[in-house]
Amino acid sequence: MPFDPQRLLEPAVLAPRLAAPDAPLVVDVGAPERYAAAHLPGAVLVTPMELVDGRPPAAGRLPDADRLAELATRLGLAPEREVVVYDDEGGGWAGRLAWTLTVLGHERWAYLDGGLQAWHAAGLPLTREPGAPTPRPQPVTIHRDAIAETEDVLAALEDPHAVIWDARSPEEYAGRRRTAPRAGHVPGARNLEWTELMDPERALRLRRDAAERIRAAGIDLDRTVITHCHS
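Treat the numbers as computed from the prediction; the structure is a model and nothing was measured.

Asker: It is not clear to me how the pairing of strand E2 (residues 25-29) should be interpreted in this structure. Could you clarify?
Answerer: Regular strands place side chains that alternate from one sheet face to the opposite one. In terms of burial, E2 is largely enclosed, as 5 of its 5 residues are buried. Residues Leu 25, Val 27 and Val 29 of E2 are buried on one face, and the alternating residues Val 26 and Asp 28, pointing to the opposite face, are buried as well. The pairing of E2 with strand E4 (residues 83-86) spans 4 bridges and is classified as parallel. Within E4, the residue paired with Leu 25 across the bridge is Val 83. Crossover E2 to strand E3 (residues 44-46) through helix H2 (residues 32-37) is right-handed.

Asker: Sorry if this is basic, but what is going on with the environment of Val 140 here?
Answerer: Note that Val 140 resides in the loop between helix H5 (115-121) and helix H6 (150-156). The exposure class assigned to Val 140 is partly exposed, which follows from its relative accessible area of 24%. Once the C-alpha coordinates of Val 140 and Val 103 are considered, the two residues, 37 residues apart in sequence, prove to be 9.6 Å apart. Apart from residues lying up to four places away in sequence, Val 140 is in contact with Ala 65, Leu 68, Ala 69, Ala 72 and Leu 104.

Asker: So what exactly am I meant to see when it comes to the nonpolar core here?
Answerer: One recurring pattern in soluble globular proteins: nonpolar side chains tend to sit buried together. Counting 20 residues, the largest nonpolar core has Leu 77, Val 83 and Val 85 as the members making the most contacts within it. When residues of this core are traced back to their parent elements, those giving at least two are E2, E3, helix H3 (65-75), E4, helix H4 (92-103) and strand E5 (109-112). Counting 11 residues, the second-largest nonpolar core is a separate cluster that includes Leu 9, Ala 43, Val 84 and Tyr 86.

Asker: What exactly am I supposed to notice about H3 here?
Answerer: Taken together, the buried positions of H3 are occupied by Leu 68, Ala 69, Leu 71, Ala 72 and Leu 75. Projected down its long axis, H3 shows its buried positions confined to an angular sector of 160°, all on one face. More than 90 degrees from the buried face of H3, the exposed residues found are Asp 66 and Glu 70. Among the structural elements, E2, E3 and H4 are those in contact with the buried residues of H3. Between the side-chain oxygen of the N-cap and the backbone nitrogen of Asp 66 there are 3.2 Å, and the N-cap of H3 in question is Asp 64.

Asker: I keep staring at the pattern of salt bridges and nothing clicks. Help me out?
Answerer: Between side chains of opposite charge, pairing is possible as soon as their charged atoms come close. For the coordinates displayed, the defined rule picks out 15 salt bridges. Glu 107 serves as the salt-bridge partner of Arg 7, at 2.9 Å between the closest nitrogen and oxygen. Of this pair, Arg 7 sits in the segment before strand E1 (8-9) while Glu 107 sits in the loop between H4 and E5, and the two are 100 residues apart along the sequence. Asp 220 is the salt-bridge partner of Arg 215, the closest N and O atoms lying 3.4 Å from each other. Under the relative-accessibility criterion, Arg 215 is labelled partly exposed at 42%. One network of salt bridges, in which partners are shared, links Asp 28, Arg 34 and Asp 88.

Asker: How do you make sense of the sheet that holds E1 when you look at a structure like this?
Answerer: Sheet strands line up and pair through hydrogen bonds in the backbone, either parallel or antiparallel. The strand order across the open sheet built from 5 strands is E1-E5-E4-E2-E3, with neighbouring strands paired in parallel fashion. Both edges of this open sheet fall to E1 and E3, since each of them pairs with a single strand only. As judged from the 3 bridges shared by E2 and E3, these two strands associate in the parallel manner. The residue bridging Asp 28 from the neighbouring strand is Leu 45, located in E3. Together, E2, E4 and E5 form the strand contacts of H4, whose direction differs from that of E4 by roughly 150°.

Asker: Looking at this structure, I do not really get unusual backbone geometry. What am I missing?
Answerer: In this model, Pro 56 is joined to Pro 57 through a cis peptide bond whose omega is 10°. Looking at where Pro 57 falls in the secondary structure, it is placed in the loop between E3 and H3. Of note, Ala 203 is a non-glycine position whose phi angle comes to about 55°, a positive value. Accessibility expressed as a relative area gives 18% for Ala 203, which makes it buried.

Conventions we followed
- Per-chain numbering applies: the sequence of each chain, read as written, is numbered from 1 onward.
- Reporting in this predicted model follows two pLDDT cut-offs: at least 70 for local features of residues, and 80 or more for side-chain atom pairs to be given and counted; totals over whole chains, interfaces and linings ignore these cut-offs and use all residues.
- Each side-chain value is worked out from all heavy atoms of the structure, with water and hydrogens disregarded.
- Buried means the residue's accessible area, taken with a 1.4 Å probe over protein chains only, is under 20% of the maximum for its type, while exposed means over 50%, and partly exposed covers the values in between.
- Under the DSSP-based scheme used, a helix requires at least four consecutive residues in state H or I and a strand at least two consecutive residues in state E, with every element numbered from the N terminus.
- In this description, strands pair whenever DSSP reports at least two bridges between them.
- Crossovers are marked right-handed if the path from the first strand over the helix to the second runs clockwise, as seen with the strands pointing away from the viewer.
- Contacts: residue pairs with any heavy atoms within 4.5 Å of one another.
- Here, the term nonpolar core denotes a set of buried Ala, Val, Leu, Ile, Met, Phe, Trp, Tyr and Cys residues that are joined through side-chain atoms within 4.5 Å.
- Summarising the geometry, the arc corresponds to the directions from the helix axis toward the C-beta atoms.
- Between N or O atoms, a polar contact is any pair within 3.5 Å; within protein, one atom must be a potential hydrogen donor and the other a potential acceptor, and residues adjacent in sequence are included only when both atoms are from side chains.
- Salt bridge, as used here: a side-chain nitrogen of Lys or Arg that lies within 4 Å of a carboxyl oxygen of Asp or Glu.
- Fitting a line to C-alpha atoms yields each axis, with helices limited to the stretch in contact; the angle taken between N-to-C directions then spans 0 to 180 degrees.

Here you go:
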């Protein structure tokens, strides 16, 4: 689907919305220790381990439906409420939560561009007071069209309308560094490390030329794109 620019929020745009009656649910994805030290006012913590299955050989798979329902209930997800996600690393774990929301059919989400780094650089307030979500029992439906399984990757290898994006480091892609059970990469996969799309000069916001960098790596955004990292 085409990118919706409204999904990308600047800190100065989000800040006045936090006190509004229809304030979004702000979710900080990260370590409890860092969250306890500083986070956006009202933000609720989700740890990375809540977003993954955690079991080998593919620890990064989605949790099962029961665990996802527990998370949705704890956050009090409601179809009408927007969720704003952020982290402190430029979008890696926030992106994982955004994808998880899409898998759950919750499309009202946005990303705080640059996350905690950009918010702090803008001089906006931080707090140590824990956010207090309103739990709401939430059955979940897994929307599998947002998920690629092994058979989908195998089919994509022969599909001219699909491309596989390996978001690991060039060393992992080339097999010089092994972080998974086997070294190397999926045949035909294109490599662009996810950190290459962050701008350290702009407090880890997405680079303004992100789309150009993606296309230069041979990743055609007009095709179906399957992304993966090492787990």
